[in-house]
Amino acid sequence: MVVGIVGYGTYIPKMRIKVEEIANVWGKDAARVSEGLGIKEKAVGAIDEDSATIAVEAARRAVKSAKISAKDINAIFVGSESKPYAVKPTATIVGAAINSSPHFTAADFEFACKAGTAAIQSCMGMASSNMIKYGLAIGADTAQGRPNDALEFSAGSGGAAFIIGKENLIAEIEGTYSFTTDTPDFWRRQHANYPKHGGRFTAEPAYFKHVMAGAKGMMERMGTSAKDYDYFVPHQPNGKFPVRVAKMLGFEHSKIVPGLITPFIGNTYSGSSIIGLSSVLDVAKPGERVLVVSYGSGAGSDAFSIKITKEISEKGRRQEVAVFDQIKEKHYVNYAVYAKHRRKLKED
Amino acid sequence: MKNAIPLIWRRIPERYALMGTVCENCKTEYFPKRMFCAKCRRKGRVVEKQMPDEGKIFSFSEVHVAPTGHESEAPYFLAIIELKNGVRLMSQIVDSEKEKIKFGSPVKMMFRKITEDDHDGTIAYGYKFKVV
Ligand SMILES: [Zn+2]
């Protein structure tokens, strides 16, 4: 059963804060923090932006690249860990904003940084079984870190949206595989403003174990190996982990560069690996293959083996403004302006 | 100021998707929507129509003292936007450098938060515009 990506779109807020600026505020060695994380700066949503506005902007771009009517979308799933409402689905706001018909099923998904890829999998299943014509899967976050916590240096804002269906594919999803365990590496209790994490515990037993298992499990099932893929896009909690995991899996460094975006916009949580995938779709050529592996704390990974079709070369099938062009469109703010926009001054 | 939920709800198609109306008889477009054509009167046939999401700045001013509920947003720019079909509406300008905000500057619709009730109330979303 052929199923895949019909259209895609990303949205990255324009505001940026340099990791060095945050480090200076807390009296830390700025260069060392930035170098240690492999992050130069992060994207920050403005005071009037949240994960719903980001989801809508990404969705509008995805509908455009799919060249479909929003009325043919029968499922909308939004993955986020920074929902504007605890109860009231963001997916309903997206549906109204893209002017879809009310004839669609909707839900918000939650699985730390991999909720967006879980949404893609659900749409794949529904499209394959003809329950829907097209599904809209989105991952969007305005990730927050407690002031002066390690997460504050990396948590960014952004999102990506995908139209999933069976016709006019720009990329075929050849297969998907997931790996899930109960691992308490990162969590946020109900009513807490900021998440907590297990410090060093977040690396080996969490990120590396699950991304490795996801990638290996996928390639085993596909009968492929690292050399069969032109691009590798893992989840990117910082600029260092993806580089290391690529090396461990035998991917040349050049294969992760087109989809490595965290050094420039921070970790956009649910948006992270799928903004990376969008960035690959901005440049990939027909016949090329992509291995994507998301990671969500808690913990699990979703892997996708993707093959680009010749349709991608047709006019208007890539998103209008490429990810790396969105990265270039920015304006820097200092910590005070950043705190005002992200409402840190009121909290705690 | 508390958001009036029924009012916000009624205005969702207008604020989210620039939904207005057009008279099929004389082609006049209305935004916000009107179900009665002022030109054709009883001969008018008015149906819903989405307005174009692009236009230009017709006039603008910088707001330094914002109304209650918007204090933390100031300073910001308010503008009258003329959409590509000639319809005019008022909107906040976002994500645009001061030097680029001029008469005639091309703008594009963005989706943003408009107002928010305290910590536990509803959020009103809708259009704002950005210079492109
Ligand atoms: Zn008329």
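Residues numbered from 1 in each chain as written. Chains lettered and ligands numbered in written order. Predicted model: local features only at pLDDT ≥ 70, side-chain atom pairs only at ≥ 80, totals over all residues. Heavy atoms only, no water.

A. Layout of the overall build of chain B. Counting its regular elements, chain B contains 2 helices and 8 strands. Its helices and strands in sequence order give chain B the pattern α-α-β-β-β-β-β-β-β-β, from N to C terminus. For chain B, the spread of C-alpha atoms along the principal axes amounts to about 50 × 35 × 20 Å. Counting only residues that meet the buried cut, chain B has 46% of its 132 residues in that class. (Helix = DSSP H or I, 4+ residues; strand = E, 2+ residues; numbered from the N terminus. Buried < 20%, exposed > 50% of the residue type's maximum accessible area, 1.4 Å probe, protein only.)

B. Structural detail: the sheet that holds strand β3 (residues 41-44) of chain A. Residue and element names in this part refer to chain A. Pairing is mixed across the open sheet formed by 3 strands, whose spatial order is β3-β2-β14. Every interior strand has two partners, whereas the edge strands, β3 and β14 (331-332), have only one. In this sheet, β3 lies alongside strand β2 (residues 15-18) in antiparallel orientation, the contact comprising 4 bridges. Across the sheet, the residue bridging to Arg-16 is Ala-43, located in β3. (Pairing = 2+ DSSP bridges.)

C. How the structure looks around the pattern of salt bridges. Enumeration over the complete set of coordinates arrives at 27 salt bridges over all chains. One salt bridge connects B:Glu73 with B:Lys128, and the closest N-O pair in it is separated by 4.0 Å. Taken as a pair, B:Glu73 in the loop between β4 (54-63) and β5 (76-83) and B:Lys128 in strand β8 (residues 123-131) lie far apart in primary sequence, 55 residues in all. Here B:Glu73 matches B:Lys128 in class, with each residue buried. Via salt bridges that share partners, A:Asp48, A:Glu49, B:Glu73, B:Asp95, B:Arg112 and B:Lys128 belong to a single interconnected network. (Salt bridge = Lys/Arg side-chain N within 4 Å of Asp/Glu carboxyl O.)

D. Seen up close, the pairing of strand β1 (residues 4-11) of chain A. Residue and element names in this part refer to chain A. Of all 8 residues in β1, 8 are buried; the element is thus mostly enclosed. Examined bridge by bridge, β1 and strand β7 (residues 157-165) share 7 bridges and lie antiparallel to one another. Counted as the bridge partner of Tyr-11 is Gly-159 from β7. When β1 meets strand β8 (residues 171-180), the two strands line up antiparallel, connected through 2 bridges. Each bridged residue has a counterpart across the sheet, and for Ile-5 the counterpart in β8 is Ala-171.

E. Broad picture of the coordination of the zinc ion. Residue and element names in this part refer to chain B. At this site the zinc ion is bound by Cys-23 (SG), Cys-26 (SG), Cys-37 (SG) and Cys-40 (SG), with donor distances of 2.3 Å. Binding-site remark: the zinc ion is held by donors from one chain whose sequence spacing is C-x2-C-x10-C-x2-C. Note that Cys-26 is positioned in the loop between β1 (19-23) and β2 (29-30) and Cys-40 in the loop between β2 and β3 (46-50), a separation of 14 residues in sequence. On the basis of relative accessible area, Cys-40 is assigned to the buried category, the value being 13%. (Donors = N, O, S within 2.8 Å, 3.2 Å for Na, K, Ca; no water.)

F. Molecular detail of the interface of chain B and chain A. Contacts between chain B and chain A engage 25 residues on the former and 22 residues on the latter. Summing the contributions of chain B and of chain A, the shared interface buries around 1900 Å²; its carbon and sulfur component is 48%. Run the count over chain B and chain A and you get 5 salt bridges. With a closest N to O distance of 2.8 Å, B:Lys128 and A:Asp48 form a salt bridge. If you look at where chain B meets chain A, you find 13 residue pairs in polar contact (both at pLDDT 80 or more). Elements supplying a minimum of two residues to the side of chain B that touches chain A: α2 (12-17), β7 (106-116) and β8 of chain B. (Contact = heavy atoms within 4.5 Å. Buried area = accessible area lost by both parts, 1.4 Å probe. Polar contact = N/O pair within 3.5 Å; in protein donor to acceptor, adjacent residues only side chain to side chain.)

G. Representation of the domain arrangement of chain A in the model. Residues and elements named next belong to chain A. Taken domain by domain, chain A comprises domain 1 (4-170 + 313-341) and domain 2 (171-312). Relative placement of domain 1 and domain 2: their C-alpha centres are 16 Å apart. Listed by partner, the interface residues are 60 residues for domain 1 and 57 residues for domain 2. Between domain 1 and domain 2, the buried area comes to about 4700 Å², and carbon and sulfur atoms account for 61% of it. When the buried surface of domain 1 facing domain 2 is broken down by residue, Cys-113, Ile-170 and Arg-318 rank first, second and third, together holding 15% of it. Scanning the region where domain 1 abuts domain 2 turns up 3 salt bridges. For Glu-311, the salt bridge identified is with Arg-317, shortest N-O distance 3.0 Å. Joining domain 1 to domain 2, the criterion identifies 29 residue pairs in polar contact (both at pLDDT 80 or more). Of the residues contributing to the side of domain 1 that touches domain 2, the split by class is 27 nonpolar, 20 polar and 13 charged. (Domains from an automatic or database assignment. Nonpolar A, V, L, I, M, F, W, Y, C, P; charged D, E, K, R; others polar.)

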